[in-house]
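Each chain is listed here by its residues.
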Amino acid sequence: MTSTPKRALITGITGQDGSYLAEFLLARDYEVVGMVRRSSTVNFERLGHLQDRIEFVPGDLLDEVSLIHLLRTHRPAEVYNLAAQSFVQTSFSQPVLTAESTALGVTRVLDAIRFVDPTIRFYQASSSEMFGKVVEVPQRESTPFYPRSPYGVAKVYGHWITVNYRESYGLHASSGILFNHESERRGLEFVTRKISYGVAKIKLGLADELRLGNLEAQRDWGYAGDYVEAMWLMLQQDEPGDYVVATGETHSVREFCELAFAHAGLDYRDHVVQDERFFRPAEVDLLVGDPSKARQVLGWQPRTSFPELVQQMVDADLELVRSDLERHRAPRL
Ligand code: NAP
Ligand code: G4F
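Participant: How would you sum up unusual backbone geometry? Please name residues and give values.
Facilitator: Of the consecutive residues V137 and P138, the connecting peptide bond is found in the cis state with omega at -5°. With respect to the secondary-structure elements, P138 resides in the loop between β5 (121-127) and α5 (150-169). Phi at D29 is positive, roughly 65°, even though this residue is not glycine. As for its position among the elements, D29 is in the loop between α1 (16-27) and β2 (31-36). In the Ramachandran plot, R75 falls in the positive-phi region, its phi being about 45° despite a non-glycine side chain. Inspection of the secondary structure assignment puts R75 in the loop between α2 (64-74) and β4 (78-81).

Participant: How would you summarise the site of ligand 2 if you had to cite specific residues and measurements?
Facilitator: Neighbouring residues of ligand 2: 23 residues in total, closest S127, S128, Y151, R280 and E283. Contact distances for ligand 2 include 3.4 Å between an oxygen atom and a backbone N or O atom of E129. In the model, a nitrogen atom of ligand 2 is placed 2.9 Å from a nitrogen or oxygen of the E189 main chain. For ligand 2, whose unbound accessible area comes to 710 Å², protein coverage reaches 96%. In the shell around ligand 2, the residues fall into ten nonpolar, six polar and seven charged. The residues that make up the shell around ligand 2 include at least three from each of domain 1 (7-182 + 223-245) and domain 2 (191-218 + 250-287 + 304-329).

Participant: Please provide a residue-by-residue account of the packing of helix α4 (residues 95-116) against α5, values included.
Facilitator: Viewed as axis vectors pointing N to C, α4 and α5 meet at an angle of 15°, and their least axial separation amounts to 8 Å. Here α4 lies roughly parallel to α5, going by the angle between them. The handedness of the crossing between α4 and α5 is right-handed. Across the interface between the two elements, P95, T98, A99, T102, A103, L104, V106, T107, L110, D111 and R114 of α4 pack against P150, Y151, A154, K155, Y157, G158, I161, T162, Y165 and Y169 of α5. Taken together, the residues of the contact of α4 with α5 break down into 13 nonpolar, five polar and three charged.

Participant: Could you give an account of the domain arrangement of the chain, naming the residues involved and the relevant values?
Facilitator: Taken domain by domain, the chain holds domain 1 (7-182 + 223-245) and domain 2 (191-218 + 250-287 + 304-329). When each unit is reduced to the centre of its C-alpha atoms, the spacing between domain 1 and domain 2 is 27 Å. Taken together, both faces of the contact between domain 1 and domain 2 bury some 1,300 Å²; the carbon and sulfur share is 57%. Here domain 1 and domain 2 share zero salt bridges between them. Per-element tally for the side of domain 1 that touches domain 2: the top contributor is helix α3 (residues 88-93), with three residues.

Participant: Residue-level account of the side chain of Q124, with values.
Facilitator: Secondary-structure assignment places Q124 in strand β5. Within polar-contact distance, the side chain of Q124 engages the side chain of N81 at 2.9 Å. When near neighbours in sequence (up to four residues on either side) are disregarded, Q124 contacts N81, V106, K155, G158, T162, S174, S175 and G176.

Participant: I'd love a proper account of the pattern of salt bridges, names of residues and values included.
Facilitator: Counted by the stated rule, this structure contains 20 salt bridges. One salt bridge connects R140 with E136, and the closest N-O pair in it is separated by 2.8 Å. Judged by its relative accessible area of 29%, R140 falls in the partly exposed class. When the shortest N-O distance is used, the salt bridge between R140 and D290 registers 3.5 Å. Residue R140 is found in the loop between β5 and α5, and its partner D290 is found in the loop between β13 (272-274) and α9 (292-298); the two are separated by 150 residues along the sequence. For D290, a relative accessible area of 17% corresponds to the buried category. Residues joined in a network through salt bridges with shared partners are E45, D324, R327 and R332.

Participant: Can you explain the environment of G299? Please cite residues and give values.
Facilitator: Locating G299 in the fold gives a position in the loop between α9 and α10 (306-326). Placed 64 residues apart in sequence, G299 and L235 show a C-alpha to C-alpha distance of 13 Å.

Participant: Help me get a handle on the nonpolar core, residues and values and all.
Facilitator: Counting 61 residues, the largest nonpolar core has L25, V32, Y80, Y123, I195 and F261 as its most contacted members. Here the element with the most residues in this core is helix α7 (residues 224-235); it accounts for nine residues. In terms of domain composition, this core takes at least three residues from each of domain 1 (7-182 + 223-245) and domain 2 (191-218 + 250-287 + 304-329). Leaving out residues up to four positions away in the same chain, F261 has contacts with I195, V199, I202, L210, L266, D267, Y268, H271 and V272. In this structure, L9, V79, V106 and A173 belong to the second largest nonpolar core, which totals 23 residues.

Criteria and thresholds
Along each chain, the written sequence defines residue order, and numbers are assigned to residues from 1. Lettering of chains starts at A and numbering of ligands starts at 1, both following the order in which they are written. Owing to the predicted nature of the model, reporting of local features is limited to residues with pLDDT of at least 70; listing and counting of side-chain atom pairs is limited to 80 or more, with chain, interface and lining totals taken over all residues. Excluding hydrogens and water, the side-chain figures rest on all heavy atoms present in the structure. Under the scheme used here, helices are H or I runs from DSSP no shorter than 4 residues and strands are E runs no shorter than 2 residues, and both carry numbers assigned from the N terminus. Whether a residue is near a molecule or strand depends on its heavy atoms: if one lies within 4 Å, it is near. Counting of polar contacts relies on pairs of N or O atoms within 3.5 Å, with two restrictions inside protein: one atom must be capable of donating a hydrogen and the other of accepting it, and residues adjacent in sequence are counted only when both atoms are side-chain atoms. Here the accessible surface of atoms and residues is derived via Shrake-Rupley with a 1.4 Å probe, and residues count as covered only by protein chains that are part of the display. Under the scheme applied here, ten amino acids are nonpolar (Ala, Val, Leu, Ile, Met, Phe, Trp, Tyr, Cys and Pro), four are charged (Asp, Glu, Lys and Arg), and all others, including Gly, are polar. For the purposes of this description, domain bounds are those given by an automatic or database domain assignment. Only the contacting stretch of a helix is used when fitting its axis, a line to C-alpha atoms as for every element, and angles between N-to-C directions run 0 to 180 degrees. Under this scheme an angle from 65 to 115 degrees is roughly perpendicular, one under 35 degrees roughly parallel, and one over 145 degrees roughly antiparallel; angles in between are oblique. For any pair of crossing helices, the crossing counts as left-handed if the nearer helix is rotated counterclockwise from the farther one by less than a right angle, and right-handed if it is rotated clockwise. Contacts: residue pairs with any heavy atoms within 4.5 Å of one another. Summed over both partners, the accessible area (1.4 Å probe) lost when two parts come together is defined as the buried area. Salt bridges, as used here, are contacts in which a Lys or Arg side-chain nitrogen is within 4 Å of a carboxyl oxygen on Asp or Glu. The buried label goes to any residue with under 20% of its type's maximum accessible area, the exposed label to any with over 50%, and the partly exposed label to all in between, with areas taken from a 1.4 Å probe on protein chains only. What makes a nonpolar core is a set of buried Ala, Val, Leu, Ile, Met, Phe, Trp, Tyr and Cys residues whose side-chain atoms join them at distances within 4.5 Å.

Following this line, the structure appears as structure tokens:
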């Protein structure tokens, strides 16, 4: 007898993590339903290779009825809420929109689950940005939050509403406090991808400088492909919970630049220019996570080292810029 495949709904499937999680679940024989918001252009750049294996359904975190409708129609066993306005810099210029999706959007999904089927297991994409001006090093599940951006504040709300619905209504709702995770699929506006793409453009003669903000900020950077496994593991536990997912190492933006430029045979000091436009009204200076609980309870650990991540991203962008050049395509940034 063959068993019925599990069905999972991913919000934010068109984003970096959505694409890796979809791959991960498909490899485990899940049926994957991906919620996509309406836009005037198709946005499946990260999903091209999976497109015919995913069922795309329309919906938006700003619209509760769309969420109820798609849960009723598709009846997933697991919901991964990855959708959000996720760029910290934009949250300063669009704080209300950020709160609508990144904070209230979580309540809308949780309410839809509560009304349609409270046995659905729920994953919330919480963030190390919640630790902000850190009060403890390294940061763990019990470290108090001190967010430093409208995005961070919205994520604190999303985190606590997840805990609250778990405690109030008995939902299997878990929150992954993920530290920064990157890849060749990272949006071009985030610093790591901006650097790897910038290196590729400079190496291939399309630019001479790369303009950045604060080079001293430190982050605990991991590889996105490793982190989606931790999301899935949380929903396979008998009990829901909150988990820090991190490497336990921290590096500065300057170090990222040093390694990325060096990998292409360049010296970052010849090309990086600091520009006020990329500094933030309030900065998160240092993030470094303690992933002990994830290791002990979930059996999860990161596989990709920091130098491997940097090299992988630079190699991928060299390839991308070369192939765009061959096709006479304009640079993407
Ligand atoms: P991302 O690449 O920016 O993707 C965000 C996704 O959310 C996109 O699919 C986007 O759709 C979708 N979205 C935005 N607003 C929406 C709305 N109103 N309704 C429906 N969908 C909406 O982000 P990511 O890096 O994959 O991160 C995934 C999640 O993890 C986010 O919640 C992020 O805040 C959180 N997180 C990320 C990190 C990290 O380092 N990557 C760390 C901690 C937490 P479009 O394609 O249509 O824009
Ligand atoms: O790459 P970033 O924009 O990521 P940030 O702000 O840490 O947020 C990311 O990680 C969070 C987890 O902690 C996620 F929740 C969030 O969704 C997102 O994925 O900036 C990293 C650091 C910052 O300190 C920033 O000030 O790099 C610094 N930086 C310096 N120059 C820059 C730049 N950041 C960007 N984006 N662009 C610059 O030119």
